[in-house]
Amino acid sequence: MASLITCPHCGTRPKEEFSIRGAAAPKRPAPAAKDEVWHRYVYVRDNPKGRVLEYWHHVAGCRRWLVVDRDNFTHEVFGVMDASDFERVRGVE
Ligand SMILES: [Zn+2]
């Protein structure tokens, strides 16, 4: 069975149309943040098993950036939203 992702702009599409670009959970530090904070943001990441938020790019579709809420062990998808909506809901530090 193919894995399907429901793009909020294009509808349900096969995962092969998308490119995964990494964890969406880390928040970008303020420009004036200390070097240690930037180092952790850029180079140090957790590697959780289970439910994660990831940036996905709909390369073969609308070319929008999305945030996919999924389980990286079972591959169950819980939700998909446009990345701009995700950032607006999450807020800025
Ligand atoms: Zn799309």
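Located above this text is the structure these notes cover.
Residues numbered from 1 in each chain as written. Predicted model: local features only at pLDDT ≥ 70, side-chain atom pairs only at ≥ 80, totals over all residues. Heavy atoms only, no water.

Novice: I'd like a description of the coordination of the zinc ion, backed by residues and values.
Specialist: All of the protein donors around the zinc ion are C7 (SG), C10 (SG), H58 (ND1) and C62 (SG); their distances to the metal are 2.1 to 2.4 Å. Geometry at the zinc ion is tetrahedral, judged from the four donor atoms that bind it and their angles of 105 to 117 degrees at the metal. Taken in sequence order, the residues that donate to the zinc ion follow the motif C-x2-C-x47-H-x3-C. Of this pair, C10 sits in the loop between β1 (4–7) and β2 (11–14) while C62 sits in the loop between β4 (51–57) and β5 (65–71), and the two are 52 residues apart along the sequence. (Donors = N, O, S within 2.8 Å, 3.2 Å for Na, K, Ca; no water. Tetrahedral: all angles 85-135°; square planar, octahedral: opposite > 155°, others 65-115°. Helix = DSSP H or I, 4+ residues; strand = E, 2+ residues; numbered from the N terminus.)

Novice: Pulling in residues and values, what's your account of the packing of aromatic side chains?
Specialist: Within the structure shown, the criterion is met by two aromatic pairs. Between F18 and W56, the aromatic rings sit 5.9 Å apart at their centres with planes inclined by 65 degrees, giving edge-to-face as the arrangement. Placement of the pair is F18 in the loop between β2 and β3 (19–23) and W56 in strand β4, with a sequence separation of 38 residues. Measuring from ring centre to ring centre gives 5.8 Å for W38 and Y41, while their planes differ by 90 degrees; the resulting arrangement is edge-to-face. Of this pair, W38 and Y41 both sit in helix α1 (residues 35–43), three residues apart, which is roughly one turn of that helix. (Phe/Tyr/Trp six-rings, centres within 6.5 Å; stacked < 30°, edge-to-face > 60°.)

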